[in-house]
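A structural walkthrough
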Amino acid sequence: MKASQFFISTLKEAPADAEVVSHKLMTRAGLIKKLGAGIYNYMPMGLRVIRKVEAIVREEMNRAGAVELTMPVVQPAELWHETGRFDKMGPELLRIQDRHGRDFVVQPTSEEVITDIARQELKSYKQLPKNFYQIQTKFRDERRPRFGLMRGREFIMKDAYSFDRDQASAKASYQIMAQAYRRIFDRFGLTYRAVAADSGAIGGDLSEEFQVIAATGEDAIVYCPQSDYAANMEKAEALAPAGPRGAATQALTKTATPGKSTCADVAELLGVPLNTTVKSLVLATDETSEAGEIVKTQVWLLLLRGDHDMNEIKVGKVPGLAGFRFATVGEIEDHFGCKPGYLGPIGLKKPLKIVADREVALMADWICGANEVDFHITGVNWGRDLPEPDAVADLRNVVAGDRSPDGKGELAIERGIEVGHVFYLGTKYSKDMNATFLGDDGRPAFFEMGCYGIGVTRLPAAAIEQNHDERGIIWPDAIAPFTVVVCPVGMDRSEAVKATAEQLYADLLAAGVDVILDDRGERPGAMFADWELIGVPHRVTIGDKSLKDGVVEYQHRRDPAATKVAVADILAHVK
Ligand code: ATP
Ligand code: MG
Ligand code: MG
Ligand code: MG
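Residues numbered from 1 in each chain as written. Chains lettered and ligands numbered in written order. Predicted model: local features only at pLDDT ≥ 70, side-chain atom pairs only at ≥ 80, totals over all residues.

As for the sheet that holds strand β26 (residues 538-542)
Spatially, β25-β24-β26-β27-β28 is the arrangement adopted by the five strands of the open sheet, whose pairing is mixed. Unpaired on one side and paired on the other, β25 (515-517) and β28 (563-566) mark the two borders of the sheet. Across the sheet, the mean angle separating the axes of adjacent strands is 30° when strand polarity is ignored. Looking at chain direction, strand β24 (residues 484-488) and β25 are connected through three bridges and run parallel. Note that in β25 the partner of V484 across the bridge is V515. Sitting on the sheet, helix α14 (residues 495-510) is in contact with β24, β25 and β26, with an inclination near 170° to β24. (Pairing = 2+ DSSP bridges. Helix = DSSP H or I, 4+ residues; strand = E, 2+ residues; numbered from the N terminus. Axes fitted to C-alpha atoms, helices over the stretch in contact; angles between N-to-C directions. Contact = placed C-beta atoms within 7 Å.)

Laid out in structure tokens, this is it:
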């Protein structure tokens, strides 16, 4: 590719709404261009990255025996009624109507359609196992689209669905996918962790998230440096024994009003039977800055009533007062599928004092209850004295330094970006949709299913969060828009420079290197700044002076300075 023919559009300034570095750099480097909230054009430079991500995903999915197909973005609502998700999914599901007033959804994922295909096409156990996948546009009307491609509303996902004859075989299919995911994320060249995730109502351990480690990640993950234990916070908390744990909860127990610190006490306090109407108490924080500091905090004490089944709600399970955890307001809203106004009562008589970045001291005289007349409870006391800031290490049920569940060491906590998710589904969808095949005993049986997602457009953003400096992006070779840029200096003045650049460009192309020749005639400073911003990992600079010594300059994007290299040796540097 020649830069003069390609499309390069870099910006000095990041857009005002860009909070995280990947969003800033992707916009400045001209990879994406915003069209609406959470909706982006993938510009030519960005599309090259996305295509490389897709190619790796496709190769490894094919290698793992999955079969590619494509399902429609717009899907008839009938199928979504069969599983009940048309109504259950809440506002994240975009529902639309055609000219006849028929309901459709824009796919946020495709379990219904693939199960419909399976029940028609997979008639016998002899056709199993089968794994179908697509790399396709998704739409989720995220409550708070942000961070550019990281949490878009329209995005590209690779989603795969496995169909098996029984549980054992389904678990084998799951393992094949989990392995394929490791290969895929290894190839991207990113630091990531596969963490156990909550498999919801189905139970069992067959759900893992693939988390790219980054301080700006929205997810907290818990791991043990002394062993291979790793889980997302939600899973770790679900497993953690109820009761006072960690410095925070101990501090809390210490400072709580006597007699008001257990679940039973809370129920008594609220005047409701234990485990019936009080399903959960959730403390929510909101709005963290890029540096992870809370810029705005809202704390809600939720009294949930019987219409919410806590088992289906992934935010804080609250076995006792000591068992609460923080969730983001967004998380809470996502899971409950309703607006804060509905969630709230939830006023505070007094402003909260923020002790540290994530901790909020509990205070007296809360008003809580649902957002309905006569459902408020006033004068609730959670604790009279503010705990010492350093005693409130973390208001979670699981905190750093806790013993790892495998007993092999202490837990550590870090942040991650969920780029992939593998999930054993069991017969949830096949039963809802009456999707059966004939078993070897001649009887119909429900498919055992699994689903497996990768955030194709989230991945480049995660890669940037992990790989950048003050000058711009630093792509891993595998997903760089171009692997090598050839930068001739003074091409218009020097025949030797021009000829060498053209020749090197042709040689690299012939060797299968993804190279771009910057023949735009930019001044060296502007030219270098562009490529450093765009983040092409290998740069070869050709100038008259060094050419006289028979060399060109090679610089990796991470190198502090260029080194002189004979033209003939360049290939060895960039391959
Ligand atoms: P999150 O917890 O970030 O909302 P999710 O758990 O809802 O993600 P899944 O349903 O597991 O997402 O979808 C599979 C993958 O799709 C995720 O692991 C993630 O990489 C990607 N993904 C999900 N939502 C978005 C989004 N709004 N923008 C970009 N990628 C997304
Ligand atoms: Mg989500
Ligand atoms: Mg998730
Ligand atoms: Mg997920």
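The rest of the description comes next.
Looking at the site of ligand 1
In the region of ligand 1, 15 residues are neighbours, and F155, H421, G453, G455 and R458 sit closest. Broken down by secondary-structure element, the contributors of at least two residues to the shell around ligand 1 are β8 (154-164), β18 (412-426) and β21 (448-455). Of all the elements, β18 adds the most residues to the shell around ligand 1, at four residues. Broken down by class, the residue content of the shell around ligand 1 amounts to three nonpolar, seven polar and five charged. (Near = placed C-beta within 6 Å. Nonpolar A, V, L, I, M, F, W, Y, C, P; charged D, E, K, R; others polar.)

Some remarks on the confidence of the model for the protein chain
Taken over all residues, the pLDDT of the protein chain has a mean of 78, while the share at 70 or more is 71%. Note on residues 241-288: pLDDT under 50 across the span, and 129 contacts to partners over four residues away in sequence or across chains. In this model, residues 335-395 is a region of pLDDT below 50 whose contacts with residues beyond four sequence positions or in other chains number 126 contacts. Among the prediction metrics, the complex's ipTM stands at 0.99, with pTM recorded as 0.78. (pLDDT = per-residue confidence, 0-100.)

Here's the deal with the sheet that holds strand β6 (residues 103-106)
Across the sheet, which stays open at both edges, the three strands sit in the order β4-β6-β5 with antiparallel pairing between neighbours. Since the sheet does not close on itself, it has two edges, and those belong to β4 (74-76) and β5 (94-97), each with one partner. Neighbouring strand axes in the sheet, compared pairwise and without regard to direction, differ in orientation by 40° on average. As judged from the four bridges shared by β5 and β6, these two strands associate in the antiparallel manner. When the bridges of β6 are listed, L94 appears paired with V106.

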